[in-house]
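# Structural characterization, general
Residue-level listing of the chains:
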Amino acid sequence: MTYVVTDACIRCKYMDCVEVCPVDCFYEGENMLVINPSECIDCGVCEPECPAEAILPDTEGGLEQWLEVNATYSAQWPNVTTNAGQTPDDADAHKGEDGKFEKYFSAEPGKGD
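The sections below set out a description of the structure shown in this document. (Residues numbered from 1 in each chain as written. Predicted model: local features only at pLDDT ≥ 70, side-chain atom pairs only at ≥ 80, totals over all residues. Heavy atoms only, no water.)

### Topic: the overall build of the protein
Within the protein one finds 4 helices and 4 strands. Along the protein, helices (α) and strands (β) appear in the sequence β-α-β-β-β-α-α-α when read from the amino end. Computed over C-alpha atoms, the radius of gyration of the protein comes to 12 Å, within 12% of the 13 Å expected from 2.2 N^0.38 for 113 residues, which places it in the range of a compact globule. In terms of principal-axis extent, the alpha carbons of the protein reach across some 30 × 30 × 25 Å. (Helix = DSSP H or I, 4+ residues; strand = E, 2+ residues; numbered from the N terminus. Rg over C-alpha atoms; globule rule 2.2 N^0.38 Å.)

Shown next as structure tokens:
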């Protein structure tokens, strides 16, 4: 098992999860985070820290797409280990919005640490 970040993170990117991850398995895109499934130790401490409820265990049904997105982009984006004030100003406006992957997803990398 591993945890995955879903489209609920897009344009929110609160980054509270990054601070608690004991193995630094988060990677930063321009407008979302992903988890490297090979590095995740399945501890689950990140899941309750996410205000957008974007982090789920891959054992929940229908998350195959997100497992692939997380695996693909964690190999391309920079590692991020701290919440250095990078949450977007309009994050709360996008919290709970539907269809964010189709509307806003960017394959561009974030800044990382």
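### What about the packing of aromatic side chains?
Tallying each qualifying case throughout the model produces 5 aromatic pairs. Among the aromatic residues, ring-to-ring pairing joins W66, Y73, W77, F101 and F105 into one connected group. The ring of Y104 has R11 sitting right over it, with the charged end atom 4.7 Å from the ring centre. (Phe/Tyr/Trp six-rings, centres within 6.5 Å; stacked < 30°, edge-to-face > 60°. Lys NZ or Arg CZ within 6 Å of the ring centre and 35° of its normal.)

### Observations regarding empty space enclosed by the protein
For the structure shown, the criterion picks out 2 cavities of 30 Å³ or more. Estimated volume of the largest cavity: approximately 80 Å³. C9, Y14, M15, C17 and C50 are, among the 15 residues lining the largest cavity, the residues nearest its centre. Of the residues belonging to the lining of the largest cavity, the class tally is 12 nonpolar, no polar and 3 charged. The computed volume of the second largest cavity comes to approximately 50 Å³. Lining the second largest cavity, in full, are Y3, C21, P22, V23, C25, C40, I41, D42, C43, G44 and C46. Here the residues of the lining of the second largest cavity sort into 9 nonpolar, 1 polar and 1 charged. (1 Å grid on protein atoms, 1.4 Å probe; cavity = no way out; pocket = protein on both sides within 12 Å on 5 of 7 lines; lining within 4 Å. Points joined across faces, edges and corners; volume = space filled by probe spheres on them. Nonpolar A, V, L, I, M, F, W, Y, C, P; charged D, E, K, R; others polar.)

### Some points on the nonpolar core
Ranked by size, the top nonpolar core spans 33 residues in total, and within it V5, F26, L33, I35 and I55 carry the most contacts. Listing elements by their share of this core, those giving two or more residues are β1 (3–5), α1 (16–20), β2 (26–28), β3 (33–35), β4 (55–57) and α2 (64–74). With residues near it in sequence (within four places) discarded, I55 still touches Y3, V4, V5, C17, F26, I35, C46, E47 and C50. (Core = buried A, V, L, I, M, F, W, Y, C linked by side-chain atoms within 4.5 Å. Buried < 20%, exposed > 50% of the residue type's maximum accessible area, 1.4 Å probe, protein only. Contact = heavy atoms within 4.5 Å.)

### Side note on the pattern of salt bridges
Taken as a whole, this structure holds 3 salt bridges when the rule is applied. Here R11 ties to D90 by a salt bridge, and the two come within 2.9 Å at their closest N and O atoms. In this pair, R11 sits in the loop between β1 and α1 while D90 sits in the loop between α2 and α3 (91–94), placing the two residues 79 residues apart along the sequence. Among the residues examined, D90 registers a relative accessible area of 31% and is labelled partly exposed. With its nearest N and O atoms 3.1 Å apart, the salt bridge here joins K103 to E97. (Salt bridge = Lys/Arg side-chain N within 4 Å of Asp/Glu carboxyl O.)

### As for the environment of W66
Here W66 shows up in helix α2. Taking relative accessible area as the criterion, W66 reaches 8% and is therefore assigned buried. Taking C-alpha positions, W66 is 11 Å from A8, a pair spaced 58 residues apart along the chain. Setting aside its immediate chain neighbours within four residues, W66 contacts V4, V5, T6, D7 and F101.

Any functional reading would require information that these geometric values do not contain.
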